[in-house]
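Structure at a glance
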Amino acid sequence: MSVDLSTEYLGLKLKNPVVVAACPLTESLDHLKRLEDAGAAAAVFPSLFEEQIEHEESELAKVHQFTSDRHAEALTYFPEPEEYRFPLDDYLDHIAAAKKAVSIPVIGSLNGVSEGGWIRYAKLIEEAGADALELNIYLIAIDVDLSGEAVEQQYLDLVAAVKKSISIPLAVKVGPYFSSPANMARRLVEAGADGLVLFNRFLQPSINLDDLSVRARLVLSTPAELLLPLRWIAGIHGRVPASLALTSGIHDAEGMLQALLVGADVGMIASVLYQKGFAQIGHILRGMEQWMEEKEYESVAQLKGSMSLENCPDPSAFARGNYMKTLTSFTGQPI
């Protein structure tokens, strides 16, 4: 029996559901080619950060301002503005080069802070040749005067503004920190999102006890993190008209299959590639094929969403009933 692993995400026809999430690996053309050879169906570029672009432009302005009252010959020591290569230029060049180097879809990723920045850079990413755009919205609502309603509206306004400025498919990557993630998912789609990527892993700061400084820590995901997006994708599949991508916690075929069963169109991986190498993509695909043959599934389309909230034989498993059952049945003993 031969199984069909093809799927569709953001209107893109993919040979299988394994998509490489936004990470430094996808910026290298050599790595992109190796990922494609290993079986990846699509790749998301690392996020382009608006702050980084603004910083570079600001530093260039300072250089020319500093030299404006110096001898004219001194100005020749500095290249003209058009000779500078900002991160934006490099990013766009990489997308254009990637489209020539690989045949799999290449998805741009943008992490902005201002509406103007989102719109400007989104257009440029589209013009560079990206097949789709992923908005990586990373807003930390730490202001005690900022209401949840205001935060949500900021998300919706950003999505609506960007959607109006581009013609390629738009995916929105968000975190789980909403009072009602399912309702917010629907509103994001109504604002213009063609797809949702659940969930963004917000990096958490820690304290350096030696010098009492705040430091950022990047910790690779673990399979345990799969559980949170599983629940919410199960809840919105079939209820929100959008492509769904599950990211965080997929490390093997079991994780990918669970993502598809609850309703994801694709599963995005990154951490496992750093831990086990590119060959893990092949292991995931072969594991999926073996399980699907054993269970007599002919295609990804057949199994997709069969364990979502609307199709699951026991919907309470995704709600409060399962919480009560799990706690009351736990029999663990302290060491």
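Keep in mind the model is a prediction, meaning the values are calculated, not measured.

Here we come to the overall build of the protein. Counting its regular elements, the protein contains 12 helices and 13 strands. Buried residues in the protein amount to 46% of all 335 residues. Considering only intrachain contacts with a sequence separation of at least 6, the fraction spanning at least 24 residues in the protein is 71%. For the protein, the exposed area adds up to about 17,400 Å²; of that, 53% sits on carbon and sulfur atoms.

Now for the pairing of strand E8 (residues 170–174). Within a regular strand, the side chains alternate between the two sheet faces. By the criterion of burial, E8 is predominantly enclosed, with five of the five residues buried. Every second residue of E8 is oriented toward a common face, with Leu-170, Val-172 and Val-174 on one face and Ala-171 and Lys-173 on the other, all of them buried. As defined by bridge partners, strand E7 (residues 132–136) adjoins E8 across four bridges and the pair is classed as parallel. Bridge assignment links Leu-135 to a residue of E8, and that residue is Val-172.

This part covers empty space enclosed by the protein. Leftover empty space is mapped by rolling, across the atoms, a probe with the size of a water molecule. Scanning the entire structure with this criterion turns up one cavity of 30 Å³ or more. Here the largest cavity is characterised by a volume of approximately 60 Å³. For the largest cavity, the full set of lining residues is Val-174, Gly-175, Phe-178, Pro-181, Ala-182, Met-184, Ala-185, Leu-188, Leu-198, Phe-199, Trp-232 and Ile-236. Of all the secondary-structure elements, those providing two or more residues to the lining of the largest cavity are helix H6 (181–191) and helix H7 (227–236).

What follows concerns the environment of Val-189. In this fold, Val-189 is placed in helix H6. Linking Val-189 and Leu-170, residues 19 residues apart in sequence, is a C-alpha distance of 9.9 Å. When neighbours within four sequence positions are excluded, Val-189 is seen to be in contact with Leu-196, Val-240, Pro-241 and Ala-242.

Tracing the backbone shows Asn-136 in strand E7. Among residues more than four places away in sequence, those in contact with Asn-136 are Ser-47, Ser-109, Leu-110, Asn-111, Trp-118, Lys-173 and Asn-200.

A contiguous nonpolar surface patch, about 380 Å² in accessible area, is contributed by Leu-203, Leu-218, Leu-220 and Tyr-274. The topology assignment puts Leu-203 in the loop between strand E9 (195–198) and strand E10 (205–208). Residue classification places Leu-203 among the partly exposed residues on the basis of a relative accessible area of 40%.

A complete count under the given rule lists seven salt bridges for this structure. The partner of Arg-186 in a salt bridge is Glu-190, with the nearest N and O atoms 3.8 Å apart. With Arg-186 and Glu-190 both in helix H6 and four residues apart, this pair spans about one turn of that helix. Between Lys-304 and Asp-265 there is a salt bridge, with the nearest N and O atoms lying 3.0 Å from each other. Of this pair, Lys-304 sits in the loop between helix H11 (300–303) and helix H12 (320–329) while Asp-265 sits in the loop between helix H8 (253–262) and strand E13 (266–269), placing them 39 residues apart in sequence.

Note on placement: Gly-112 falls in the loop between strand E6 (106–111) and helix H4 (115–127). Owing to a relative accessible area of 4%, Gly-112 belongs among the buried residues under this scheme. With 64 residues separating them along the chain, Gly-112 and Leu-48 place their C-alpha atoms 7.9 Å apart. What Gly-112 contacts, discounting residues up to four positions off in sequence, is Glu-50 and Trp-118.

Over its 15 residues, helix H10 (residues 280–294) extends 21 Å from the first C-alpha to the last, a length consistent with the 21 Å expected when each residue adds 1.5 Å. Buried within H10 we find Gln-280, Ile-281, Gly-282, Ile-284, Leu-285, Met-288 and Met-292. Directly after H10, the chain includes Glu-296, whose backbone phi takes a positive value near 65°.

The rules we used
- Residues numbered from 1 in each chain as written.
- Predicted model: local features only at pLDDT ≥ 70, side-chain atom pairs only at ≥ 80, totals over all residues.
- Heavy atoms only, no water.
- Helix = DSSP H or I, 4+ residues; strand = E, 2+ residues; numbered from the N terminus.
- Buried < 20%, exposed > 50% of the residue type's maximum accessible area, 1.4 Å probe, protein only.
- Contact = heavy atoms within 4.5 Å.
- Areas by Shrake-Rupley, 256 points an atom, 1.4 Å probe, with all protein chains shown as cover.
- Pairing = 2+ DSSP bridges.
- 1 Å grid on protein atoms, 1.4 Å probe; cavity = no way out; pocket = protein on both sides within 12 Å on 5 of 7 lines; lining within 4 Å.
- Points joined across faces, edges and corners; volume = space filled by probe spheres on them.
- Patch = residues over 30% accessible without salt bridge, like charges linked within 9 Å, V, L, I, M, F, W, Y side chains within 5 Å.
- Salt bridge = Lys/Arg side-chain N within 4 Å of Asp/Glu carboxyl O.
- Expected span 1.5 Å × (residues − 1).

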